[in-house]
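Structural features, examined
Take a look at the letters that make up each chain.
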Amino acid sequence: MFKNEITAETPIIQMTAGQLAEYLNSHAAPAQPGAAAAGTQDTQAETPRRYVYGIKGIMRLFGVSNVTAQRYKRGIIREAVKQNGRIIVTDADLALQLFNERKGQ
């Protein structure tokens, strides 16, 4: 039922998983060492952003009460807060950075 000789014209449905893996490994393009190293450096340098949502998120981030979180939102961390209607999204890393800069003065 299965062909022993696998060519480029052999339908994938007629291959076993082992034959498919062997075919892909034998026909894969060799990786360029410079390109792989540069690609990993770019992804490592860019860390994913952390976000907190709503006033409760700000409260948990700073460990403060509702009133204090509202005050921070309107004042110290204003640049890190995006609000559309009742939806509040805060960039946690930027908020902490702004808070530390303000408290350091």
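Anything mentioned here points back to the structure above.
Read on for an overview of the structure. Only a predicted model underlies this, so the values are computations on that prediction, with no experimental measurement involved. (Residues numbered from 1 in each chain as written. Predicted model: local features only at pLDDT ≥ 70, side-chain atom pairs only at ≥ 80, totals over all residues. Heavy atoms only, no water.)

On to helix α5 (residues 92-104). If you check α5, its first and last C-alpha atoms are 18 Å apart, about what 13 residues at 1.5 Å a residue would give, namely 18 Å. Taken residue by residue, α5 has Ala92, Ala95, Leu98 and Phe99 as its buried positions. The buried side chains of α5 occupy one side of the element, clustering within an arc of 130° when seen end-on. Those residues of α5 that are exposed and angled more than 90 degrees off the buried face are Asn100 and Gly104. (Helix = DSSP H or I, 4+ residues; strand = E, 2+ residues; numbered from the N terminus. Expected span 1.5 Å × (residues − 1). Buried < 20%, exposed > 50% of the residue type's maximum accessible area, 1.4 Å probe, protein only. Arc of directions from axis to C-beta.)

Further remarks concern the pattern of salt bridges. Pairing of side chains with opposite charge becomes possible as their charged atoms draw close. This model, assessed by the stated rule, comprises two salt bridges. Note that Asp91 and Arg49 form a salt bridge whose closest N and O atoms lie 3.3 Å from each other. Of this pair, Asp91 sits in strand β3 (residues 87-91) while Arg49 is found in the loop between α2 (33-45) and β1 (51-53), placing the two residues 42 residues apart along the sequence. When its relative accessible area of 9% is taken as the criterion, Asp91 is described as buried. Measuring nitrogen to oxygen at the nearest pair gives 3.3 Å for the salt bridge that ties Asp93 to Arg50. (Salt bridge = Lys/Arg side-chain N within 4 Å of Asp/Glu carboxyl O.)

Take Thr68: it is sitting in helix α4 (residues 66-74). At a separation of 3.2 Å, a polar atom in the side chain of Thr68 contacts the side chain of Ser65. (Polar contact = N/O pair within 3.5 Å; in protein donor to acceptor, adjacent residues only side chain to side chain.)

One open sheet holds the three strands; their spatial order is β1-β3-β2, and the pairing between them is antiparallel. Looking along the sheet, the strands with just one partner apiece sit at the ends: β1 and β2 (81-84). Averaged over neighbouring strand pairs, the angle between their axes works out to 20° when direction is ignored. In this structure, β1 lies alongside β3, joined through three bridges in antiparallel fashion. Bridge pairing in β3 links Val52 to Thr90. (Pairing = 2+ DSSP bridges. Axes fitted to C-alpha atoms, helices over the stretch in contact; angles between N-to-C directions.)

What follows is about the pairing of β2. Of the pairings in the sheet, the one linking β2 to β3 comprises four bridges and is antiparallel in character. The residue bridging Lys82 from the neighbouring strand is Val89, located in β3.

Let's shift gears to the packing of helix α3 (residues 54-62) against α4. Contact geometry for α3 and α4: axes closest at 9 Å, N-to-C directions at 100°. In terms of orientation, α3 lies roughly perpendicular with respect to α4. Residues Ile55, Ile58, Met59 and Phe62 of α3 form the contact with α4, whose own contacting residues are Asn66, Ala69, Gln70, Tyr72 and Lys73. For the contact of α3 with α4, the per-class residue count stands at six nonpolar, two polar and one charged. (Parallel < 35°, antiparallel > 145°, perpendicular 65-115°, else oblique. Contact = heavy atoms within 4.5 Å. Nonpolar A, V, L, I, M, F, W, Y, C, P; charged D, E, K, R; others polar.)

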